[in-house]
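Overview (structure and organization)
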Amino acid sequence: MNRRSFFFSWAKAGAAALWTAGIAGTAAAVKFFQPMVSYEPPLSFKAGVPEDFPVGTPTLLPEENTFIVRDRERGFRACSAVCTHLGCTVRWSSGDQRFYCPCHGSVYDAEGKVIDGPAPRPLDWYEVTMAKDGQLQVDKHRVVPRDKRLIVES
Amino acid sequence: MKLLRDIWRSYRRRDSVATTKGKLQLVVHSLWLHIHPAKVHRSHFRLTYTWYLGFVSFYLFLILVATGVALMFYYRPTTAFAYQDMKDLEFAVFLGKFTRNMHRWGAHAMIIVVVLHMYRVYFTGSYKKPRQLNWVIGVALLLLTLLLSFTGYLLPWDQLAFWAITVGTAIGAYTPWLGPKGREILLGGHTVGDAALIRFYVLHCVALPTLTTLLIMLHFWRIRKDGGLSPPPSNLREFESPAPGTRPVAVAIPVAPHPGGTATSASARAVAVALEEVSEARAPRYAEDKDIAFSYPFAFYREGIAFLITFALMIVAAMYWNAPLEELANPAKTPNPSKAPWYFLGVQELVSYSALIGGVVAPALMVIALLVIPYLDTRDVRAPSKRKWGIWIFTLVTLANVVFIVIGTFFRGEGWKLVWPWASP
Ligand code: HEM
Ligand code: FES
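The following refers to the structure shown. Only a predicted model underlies this, so the values are computations on that prediction, with no experimental measurement involved. (Residues numbered from 1 in each chain as written. Chains lettered and ligands numbered in written order. Predicted model: local features only at pLDDT ≥ 70, side-chain atom pairs only at ≥ 80, totals over all residues. Heavy atoms only, no water.)

**Comments concerning the state of the cysteines**
All names here are of chain A. Heads up, the rule is: Here, the term disulfide refers to a pair of cysteine sulfur atoms separated by no more than 2.5 Å. Secondary structure elements follow DSSP: runs of H or I no shorter than four residues count as helices, runs of E no shorter than two count as strands, and numbering proceeds from the N terminus. Exposure classes here rest on a 1.4 Å probe applied to the protein chains alone. A residue is buried below 20% of its type maximum, exposed above 50%, and partly exposed in between.
Tallied over the full model, the rule gives one disulfide over all chains. What pairs with C88 in a disulfide is C103, and their sulfur atoms sit 1.8 Å apart. Because the sign of the S-S torsion sets the handedness, a value of about -90° for the bond joining C88 and C103 places this disulfide among the left-handed ones. Placement of C88 in the loop between β4 (75-80) and β5 (91-93) and of C103 in the loop between β6 (98-100) and β7 (107-109) is noted, with a sequence separation of 15 residues between them. The pair C88 / C103 is uniform in exposure class, with both members buried.

This is the structure we're talking about:
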């Protein structure tokens, strides 16, 4: 190996190191922009006591964008009000027992299944449990099958 | 007296513009003007060639910066204050409504004008060698213009703003792999709230305008480096084969000593360089002197008039039409129908058929197509009459966009159903 090619290989190694450092630095910079704290409404929240909710009509909790569905005297479920198409808030229509999305016309039945429109998935159902203080607790982290109900003993 | 004269001279630094040398010095000695060549070809300033659309894009950008900075004196980017500050601007601040109107209509106008400018560059084949890179810079500027408008749309924090951005960012979230994470980083969370507002504010007021300014500088510099504007296709023959015996234009280089004394040689050299540039080999060779004019006054007057017309129209628009401000943003109540900003309504219209194809694949293909046009279409033919196919396709795609935007804007009613615009809801 002559002196010149020796030098050039060092230069190349140096350049490679700089590139690596640059890429690592960029990755770190991207990480900087990832939100680490959130002031959004918590994903697990208390919805209120069972008596707050009428039987038959889903009740919208506006802050959390969630419907509490009491479709049996003692059975409670929680249904996402966020349209799975592009995130508009769906609205309940008691007349024909459907959820309508105002944005691009998606329609869901009372079980959250897509009947019409561009929505790709049915509405999400979240786990409902009973908190110690007697309130319903909804956890949006936990998506559950739509026939899973919380049965409240009276 | 001598003091005043010295001050004036130190500012002016040139001979009278009645003289050839003064005309050259005016351009060459000015940081702001020397982006121009000392001389220009008259045909480049023919109204029916460029329609001054690039200039008007730039003037609108300047107007937007000026009005935008003014609005920043009142606007606070938090959900607690933003909407109230807009109301204050509307009803309390002197000229507040006017300034806001001008900023809003200027943003809309800029999108339209930039697109028309792109269309003119395509139509006249001006993206061809050696101008491919400047076309690509132009595509970046188009995207920046759209992003500027989109980020600004959220700031008033009314229902229009909130739902347009909710829907708009949800479209982007369909991008495979990058989408959901990208939306979270852009919004600083999962929903449009305080974190999103400050992020959009910083992008809208600092990051994107800075990038746009830098790219505009690059865009202008490339025009010079590519040998000035492309010659109008109708003039091509004259440009390509100078009649035998004609020389590239050159004006006698004024070498008379400058009255100021020491600065002489530097300034004479600069002027000489400017002259050389006119006859630079890369620049099109002009057949006849009569087609060439000094930038002062020929180009500057025309640019100035274009600016005044742009500004006047913006003033009229801001006086007669008020920028919308709906109710305070309410995440629980989606207005029906809920629409993205108009320039994305074409995309929203496609999205109502399929979110992935309409919202991600089609726009991405369109941008990629724009980027590769100058590298695929390498035929050395610029006259529109000889590029009929390309022009047909480009026009049809542009028109399809316009049609979708018109449908989305006027023909979509409650529940995104097709309605007649004159049918009252
Ligand atoms: C912020 C947006 C933009 C500004 C301020 C701007 C400004 C300008 C100006 C002042 C000119 C000179 C003459 C004229 O045509 O009026 C020009 C030329 C040019 N622009 Fe743009 N432009 C913008 C966006 C674009 C876009 C979107 C494209 C294409 C995708 C583009 C491609 C070009 C090319 C290739 C030229 C050279 C044309 C020629 O030599 O005939 N520009 N631009
Ligand atoms: S967001 Fe509900 S249909 Fe598009």
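Next comes the rest of the account.
**What about the sheet that holds β5(A)?**
Residue and element names in this part refer to chain A. As a reminder of what qualifies: Between any two strands, pairing holds if DSSP finds at least two bridges. For helices, the fitted line uses only the C-alpha atoms of the stretch in contact; every axis is such a line through C-alpha atoms, and the angle between N-to-C directions lies from 0 to 180 degrees.
Here we have four strands laid out as an open sheet, ordered β5-β6-β7-β8, and antiparallel in their pairing. The two strands at the open ends of the sheet, each matched to only one other strand, are β5 and β8 (114-116). Direction aside, the axes of adjacent strands within the sheet are offset by 35° on average. Two strands pair when backbone bridges link them, and β5 and β6 are joined in this way by three bridges, in the antiparallel orientation. Its bridge partner lying in β6, S93 is registered against R98.

**What to know about the coordination of the iron atom of ligand 1**
All names here are of chain B. Going by this rule: A 2.8 Å cut-off from the metal defines N, O and S donors, relaxed to 3.2 Å for Na, K and Ca; water is not in the atom list, so some sites may appear incomplete. All geometry calls rest on donor angles, where a four-donor set with angles between 85 and 135 degrees is tetrahedral, four- and six-donor sets with opposite donors more than 155 degrees apart and all others between 65 and 115 are square planar and octahedral, and all else is irregular.
Protein coordination of the iron atom of ligand 1 is provided by H117 (NE2) and H219 (NE2), with donor distances spanning 2.0 to 2.1 Å. Its six donor atoms give the iron atom of ligand 1 angles of 86 to 179° at the centre, a pattern that matches the octahedral case. In this pair, H117 sits in helix α6 (residues 96-123) while H219 sits in helix α10 (residues 194-225), placing the two residues 102 residues apart along the sequence. For H117, a relative accessible area of 18% puts it in the buried group.

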